[in-house]
Structures are given as C-alpha cells and as structure tokens.
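Descriptive structure summary
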Protein chains: 2
Amino acid sequence: MANYFSSDFKLGILGGGQLGKMMLYTTRKFDITTHVMDSSEEAPCRSACNHFTLGDLMDFDAVYNFGKQVNLVTFEIENVNVDALEKLEKEGIKVYPSSKNLRIIQNKATQKLFYRDHGIPTSDFTRFAYLSEIEDAIDNGGLKFPFVWKAAQFGYDGNGVKIVRQLSDLEDLPKGECIAEDLVPFKNELAVIVVRNPNGDVKTYPVVEMEFHPEANQVEYVICPARIDEAVAKKAKNVALKVSEAFKHVGLLAVELFQTETDDILVNEVAPRPHNSGHQTIEANYTSQFEQHIRAILNLPLGKTESIVGGIMVNLVGAEGHTGDVVYENIEEIMSLEGVTPHIYGKKQTRPFRKMGHVTIVNEDLNDARRIAEQVKKTIKVISK
Amino acid sequence: MANYFSSDFKLGILGGGQLGKMMLYTTRKFDITTHVMDSSEEAPCRSACNHFTLGDLMDFDAVYNFGKQVNLVTFEIENVNVDALEKLEKEGIKVYPSSKNLRIIQNKATQKLFYRDHGIPTSDFTRFAYLSEIEDAIDNGGLKFPFVWKAAQFGYDGNGVKIVRQLSDLEDLPKGECIAEDLVPFKNELAVIVVRNPNGDVKTYPVVEMEFHPEANQVEYVICPARIDEAVAKKAKNVALKVSEAFKHVGLLAVELFQTETDDILVNEVAPRPHNSGHQTIEANYTSQFEQHIRAILNLPLGKTESIVGGIMVNLVGAEGHTGDVVYENIEEIMSLEGVTPHIYGKKQTRPFRKMGHVTIVNEDLNDARRIAEQVKKTIKVISK
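Residues numbered from 1 in each chain as written. Chains lettered and ligands numbered in written order. Predicted model: local features only at pLDDT ≥ 70, side-chain atom pairs only at ≥ 80, totals over all residues. Heavy atoms only, no water.

Moving on: the overall build of chain A. Each helix and strand counted, chain A has 11 helices and 21 strands in total. In terms of overall size, chain A behaves like a compact globule, its C-alpha atoms giving a radius of gyration of 21 Å where 385 residues would be expected to give roughly 21 Å. Dimensions of chain A, computed from the C-alpha atoms along their principal axes, are close to 65 × 50 × 45 Å. Looking at the 385 residues of chain A, the share that counts as buried comes to 60%. Contacts in chain A between residues at least 24 apart in sequence constitute 62% of all its contacts with a sequence separation of at least 6. Within the structure as shown, chain A displays about 15,200 Å² of accessible surface, and the carbon and sulfur contribution to it stands at 46%. Across chain A, the mean location of the 43 positive side-chain charges is 4 Å away from that of the 54 negative side-chain charges. (Helix = DSSP H or I, 4+ residues; strand = E, 2+ residues; numbered from the N terminus. Rg over C-alpha atoms; globule rule 2.2 N^0.38 Å. Buried < 20%, exposed > 50% of the residue type's maximum accessible area, 1.4 Å probe, protein only. Contact = heavy atoms within 4.5 Å. Areas by Shrake-Rupley, 256 points an atom, 1.4 Å probe, with all protein chains shown as cover. Lys, Arg positive; Asp, Glu negative; His and termini not counted. Charge placed at Lys NZ, Arg CZ, Asp CG, Glu CD.)

Residues and elements named next belong to chain B. The complete set of buried residues in helix H3 (residues 82-90) reads Val82, Ala84, Leu85 and Leu88. Considered in projection along H3, the buried side chains sweep an arc of 155° and stay on one side of the axis. Here the buried face of H3 lies against strand S1 (10-14), helix H2 (60-68), strand S4 (72-75), strand S5 (94-95) and helix H4 (99-106). One or two steps after H3, the chain reaches Gly92, where phi turns positive at roughly 95°. (Arc of directions from axis to C-beta.)

After a rotation of 180° and a shift along the axis of 0.0 Å, chain B superposes on chain A with an RMSD of 0.0 Å. Expressed as an axis order, the relation between the two copies is that of a two-fold axis. No C-alpha of chain B approaches the rotation axis more nearly than that of B:Ala48, which lies at 2.5 Å. In this assembly, 100% of the residues forming the interface of chain B have copies in chain A that are likewise at the interface, indicating an isologous arrangement. (Least-squares fit on C-alpha atoms with pLDDT ≥ 70 in both.)

Residue and element names in this part refer to chain B. Most of strand S16 (residues 310-317) sits out of view: 7 of its 8 residues are buried. Across 3 bridges, the pairing between strand S13 (residues 219-224) and S16 is antiparallel. What sits directly across from Cys224, in S16, is Gly311. Looking at chain direction, S16 and strand S20 (residues 355-363) are connected through 8 bridges and run antiparallel. In the strand pairing of S20, Leu316 is matched with Gly357. (Pairing = 2+ DSSP bridges.)

All names here are of chain B. The antiparallel open sheet is built from 4 strands, whose spatial order is S6-S9-S7-S8. Each edge of the sheet is formed by a strand with only one pairing partner; in this case those strands are strand S6 (125-128) and strand S8 (161-164). For this sheet, the mean angle separating the axes of adjacent strands, direction not counted, is 20°. Lying over the sheet, helix H5 (residues 108-117) contacts S6, strand S7 (147-151), S8 and strand S9 (178-182), oriented at roughly 140° with respect to S6. Running at roughly 160° to S7, helix H6 (residues 131-140) makes contact with S6, S7 and S9 of the sheet. (Axes fitted to C-alpha atoms, helices over the stretch in contact; angles between N-to-C directions.)

What follows concerns the pattern of salt bridges. Counted by the stated rule, this structure contains 48 salt bridges over all chains. A:Asp263 is the partner of A:Lys187 in a salt bridge, and the nearest nitrogen-oxygen pair spans 2.7 Å. In this pair, A:Lys187 sits in strand S10 (residues 186-196) while A:Asp263 sits in the loop between strand S14 (251-260) and strand S15 (265-271), placing the two residues 76 residues apart along the sequence. Assessed through its relative accessible area of 42%, A:Lys187 is described here as partly exposed. Classification of A:Asp263 by relative accessible area gives partly exposed; the value is 22%. With a shortest N-O distance of 3.1 Å, B:Arg127 and B:Glu177 are connected by a salt bridge. Taken together, the residues span a long stretch of sequence, with B:Arg127 in strand S6 and B:Glu177 in the loop between S8 and S9 at a distance of 50 residues. (Salt bridge = Lys/Arg side-chain N within 4 Å of Asp/Glu carboxyl O.)

Our next topic: the interface of chain B and chain A. Taken together, the contacts link 43 residues of chain B with 43 residues of chain A. When the two sides are added together, the surface that chain B and chain A hide from each other amounts to roughly 3,600 Å², 58% of it contributed by carbon and sulfur. In this structure, A:Lys304 engages B:Glu338 in a salt bridge whose closest nitrogen and oxygen atoms are separated by 2.6 Å. Breaking the side of chain B that touches chain A down by element, the ones donating at least two residues are helix H1 (18-29), helix H9 (289-297), strand S17 (324-329), helix H10 (331-335) and strand S18 (340-344) of chain B. At 5 residues, the largest contribution of residues to the side of chain B that touches chain A is made by S18(B). Residue composition of the side of chain B that touches chain A, grouped by class: 21 nonpolar, 9 polar and 13 charged. (Buried area = accessible area lost by both parts, 1.4 Å probe. Nonpolar A, V, L, I, M, F, W, Y, C, P; charged D, E, K, R; others polar.)

Looking now at the side chain of B:Thr305. All names here are of chain B. As for its placement among the helices and strands, Thr305 is situated in the loop between H9 and S16. Judged by relative accessible area, Thr305 falls into the buried class, the value being 6%. Among the polar contacts listed, one links the side chain of Thr305 to the backbone oxygen of Thr204, at a separation of 2.9 Å. The contacts of Thr305, once residues within four sequence positions are left out, are Lys203, Thr204, Tyr205, Pro206, Asn285 and Gln292. (Polar contact = N/O pair within 3.5 Å; in protein donor to acceptor, adjacent residues only side chain to side chain.)

What follows deals with the packing of H4(B) against H5(B). All names here are of chain B. Contact geometry for H4 and H5: axes closest at 5 Å, N-to-C directions at 105°. In terms of orientation, H4 and H5 fall into the roughly perpendicular class. Residue-level contacts link Arg103, Ile104, Ile105 and Gln106 of H4 to Lys108, Thr110, Gln111 and Phe114 of H5. Here the residues of the contact of H4 with H5 are counted per class, giving 3 nonpolar, 3 polar and 2 charged. (Parallel < 35°, antiparallel > 145°, perpendicular 65-115°, else oblique.)

Here it is in structure tokens:
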C-alpha cells in the first residue's frame, strides 16, 4: 500500500461540491494528494484540490477513466455511475464506500428492502415500478391516504419526497419507479453518523436533532447533542450501529432516524458520505466528520467522535426572489456574535433555496447556542447583487 | 471597500510556507480569493491558493508588482522587502501588518530600542554595528561573559542567537550588526498572542508555556494554558497588551516572554504573524490564530480566543542523519492515540531540524495531554526514504 503521507499516493474524489471541499480541509492538513472530478467549471473544490477534472459523474467512461489514475476513489455525492465504480473495484482500485453499498442506497426501494431483510426498523412501504401503479393501488383500496411518495432515484435535498393526502397531489410527480411509505407521526427527526474503517473499527458521533420551522416544515437547526432522553439516544445509536453492521460500509454512514410518538426509532434513510447533519463537528467535536471519513477510507485509526462543546448548525440557503451573483448580507454582524463561524462554499451564483454555506454556533451552554443561532438566522441573508 | 466574501476582493500573502498554508484553511472556509508569492516552486501554499506567483520576497520589484494586483497584502514571514511594502501603502494598497512595524521588528536592535523607548520590560542590551565591536567592548571591560549574542537581522528558528561564555564562542558568528543581551536566568519561556484589528478591537489568547528538553535546550512542547500562577499569567497578558498598544499593530502579534526567577516578565521578541506558539489553537481554541489573523486584517469582528480544551503542540522536525524525500514513520500509530491530530506541511524534502509539520494533542485534562504528547514525541520520526 502506498504511503498516504507522501506524494506517491493519489486520492480521487467524485464530486467537487461543498462536501468535497470540506474533505479537502483534511487532505491539505495531512498533505494527501487529491484528484477531483465534477461537471461544473465552478465547482467549489476546483482551486483547493491538486488536480481537477471536468467530467460527468453519471458517465461510465468519465468515472472509469478518472478512477484509473488514482489509488483510491471516494465520492461526496451518491449520483455517481456505479457500474464504473464496480469495474474499478474489479481492476484493483479501492472504492470506498463500495459500489455494492452505493447501488443499494442509490435506489430508495432497494434501500428500504435492505432494511426489511436485515430486521432494521423502518416504516412500512410498498414498491411501485411506475407512478400509475400507485393510482391503481388507491383504486383497489390497497393504499390509503395519507402516505409518503418517494422517487426511487435521484432525489436530493427534499426533492423526490412528497406527502400525498389526495389524488391530485400525485399530478405533477415524476412517472417512474417509486415507493409509498406509511406517514409516521414523529416527535423528532434525529441523525447518527457512524464511521467504520476496513479493519472493522466502528465509532458513532453523538445523536443530533433536526429542529424544524414551526410553519415552513423545513429544517432550521441541527442541534448537537440532541435534547432527548439518554435512553432514546442509546436506542438511536443502537439502531444506527445495526444499520452500519448490515452494510459493513467503509467511511461515514449518516443514518437519518425518526423518533416516533411512542419513542420507537425508525430508519428514514442513509447517506454513505459526510452529511449536512455533521457539519458542526468541524468546530464542536474532537474530530470532524470530514477528517473521520478520510481516516476511515485510508484505514487509519479513527479519531475521537465526542463533542467538546455544544454545537448548532444553520444552513445558509439562497433567499427567495434572488438569483444571480451572491452577496452574504450582514455576514460581519453574525461574526461579532459569540462562537459563530460562517462557512462559505464558494458557489458564485445564488438561487432560491440553493445551499450556499452554513454557520456553526458553539457554546458550552446549548441553550445559549440556540439563542445565538436564532439571531444568526434572523440576521444573515443570502441575496443577489 | 470590496466585499471580502465575493470574488472581487483579492488577498495577497507574501510567503507560501506552512503559516501561509494554515491561513488558507480560513480563506477557503470564508471563500476569500488569495494570491500567494514564494520563491519556491514547491511551496506548501502552491496548490491551496487561488493564484501562485514565483518570486523573491526580498526583491523590491517582485513584492511591489505582486502587491499591485491585490487589495490587501499580508505576510507569513518577516523577511520581506519592506521598502516595497511602504511604497504599496503610499499608493493606497492596504498592508497589514504595516511596513512601519515590520521595519522595527525585522531588526532586533531597533526592536529592543523600541521596547526601551516605550517602557516595556526587556533584558538590558548593547547594540553593535559589527561583531568586532563586541570584542573591543570585552577588552575594555564594557561587556562581561556570559551574554547573549543576537544577529540584528535575518535570524530564524534559533539561528542568529548564541550564548557567549568565552571569546572563542564568537569565532564563527556573522560579522555584521548585532546586539549583546544580558543572560537572564528564567523559570519559564511563555508566549501571548495578541490580535488587533483596524477598529482597535484587541483580544489576547491564553498564555502558553514552552517546555524545553532538559538536556538539549530545545523547545519540545507548547502547552496551553501555561502551568503558571494566575497572577503571573495576568502579568504576562498585561505586558503583551502593552507591547500591542505600543505597536498598534493590525493582525496577530505573538509576544515571546521570559518569566524570571523573581517572577518578573520580560519581553524577548515579537512576531507580527501566526506563530509556532499558537498552532494548537486550531484544535483547542474557539478561533484559531490563523482565522483570527484573517479576521483582524479584514477588519472583521474578532473571534473568541479562549481555550475549549487543553492543548499541546509538538513540532515535527527532520531527524538528524536524514536528508531527502520525507517519510513520516509511525504516523498511523500516533493517530490511534486519543485527541491526536497531525499536520503535515507538504514539504517534499526533509533535512535535520527542518520544520516538516506539527502534532496537536487535545484533552480535557492537560496532564493526560502531556503524557500523550510524550508518547507522540517518542513514536513518530521524520526520516528520509
């Protein structure tokens, strides 16, 4: 095996967005040579990696040829050509997370079946090859409102998910493969990031909580640690570890969970990569999720996952009504607040709801952090010039 | 003033070594566009900055032309052509720290005179235009052994400093301008990093302690916070603030101090930039010294300087007897220790005592951190292939 900490080792990262960019903080720190491929000339990773390749992540040849130049391939986004990854593995290039896991996770129907097959608690669901089959099932009385429609493939950031309460809610949905899930009333949406290396060492991060806007049904804050009972936190970690054990993944696995009204824990979905629910680990934990992913895929000893201090993460998304060259209004004001660190991803253009950055608020007292987070949210605006 | 957080602002950094590289962690995070100049094709900053210029930092034209392309110039090393910086300032380019302060600091004789003029406690000294004048002073009885010889200019990393106990100790020293300082017996070598922005906001980092190898007289560990009395820590901070007030610097000012046998605090010297005594702030403090320097020179609100957790820093220097392509022997072993983060600067070639990286050890219990630091020091070796 090549020595990672010298120039003869090359790490390939598929995807050059913000998650890749934050991985590069660690590769810079460890002086690991990186090759990044992305389809955008303006990818945030472009100037922070050692070698940048312009290419389509869903294109077999692009992914295969990129992978052949490096010693190990990882990715920061699930929408990658998995056949190319599989061929690379067969030819001896290490791919972490594996193509096998990515194939399961890329399709929400196979992902749900995987949970069912492995006795992992998840909401009940039915799989449909076409949207029209859902209509048939409703007609036949096999499916009742309300339920959650999810596209089997290519959803992201809340796209590809819809609560269906009546027939007309189906109207504008994509026609392809999908699932219908039971709508489970839940108290909290939680997440646990698990990290595992090829040696089989496993660690979990503290359970985090997604706090939703009371009206907009949009995640406003990621709060670490989650403000839940010790017993619920333990149950959440155990479920996440069971998912990890089933996948035997290498790298991070972010496990999104529901805490039901009766304190059951159900798996919603997973992401085999650094995750929005772990951004606060950069400032608030001993080892950031990004460093941890790099440690894991290189089979290095895993770092300590504990929180050092309470951490809250606020996404910076493009304001409605603004499209064009981005301006971060009042960023200086939020930087005067205690324990506030903005992360700007480096996307030149904003548009409504585009993820442009995030802000971390750390404080020994999580209530103080929460109060400051609210002030941050009210103050900074991502607008166009 | 340009909006830093958009692409029309350009920050120029003179020097592309490890301190510049660690500044770039912050410019990436804030998405600030950077131009870096260094005389080495293999400078650690090269692939992490937006634009790299090859050029001699002591050359007037190179520094001036580099500065003309950017909005604000800073530096990560004192050996920079100060006349060029002065001309840039006159032409409206912001230069932080200022050419005036750099001129004072670059010359250890003028630096010492500055302390004397401003009533800042420092050891007694005499200034000499040539080394031969020291010999004359000894002959005349005006100077007695032992004393500390310091070259007035271009010393670094312990070069340019020598304890002189007898005439023969002068033999191989440079012949130029120098000072002879009283050899002050001290209990501890301390440092305080002060940060100041153009608004005049000032903050100090916790006092750190340099722990020396009992025989080799070489700094082995930087320990934060210093294991000293509260009263001594307060005195040290006050002296550092007095130095800061005298310079009215913008950016970081690292103030190196002696704690004498009688608990007086004397200023040894200062550095107007991120400093070896502040590397542990990346992991152990709310705001790293590098982020703080960037905040200060951009006149942004200063971040919180307090420690979150105890931190110890160990320098990774090239082992004796090894010159050539570097290998970090046993780096994986130290990464399995609790709270250990290696930073590899990315210099391809090692040579004896070259600074190749550093390791930070964080722990809630500083004694545990100190124990782990010793294990790190014993385990990792910077050798050649």
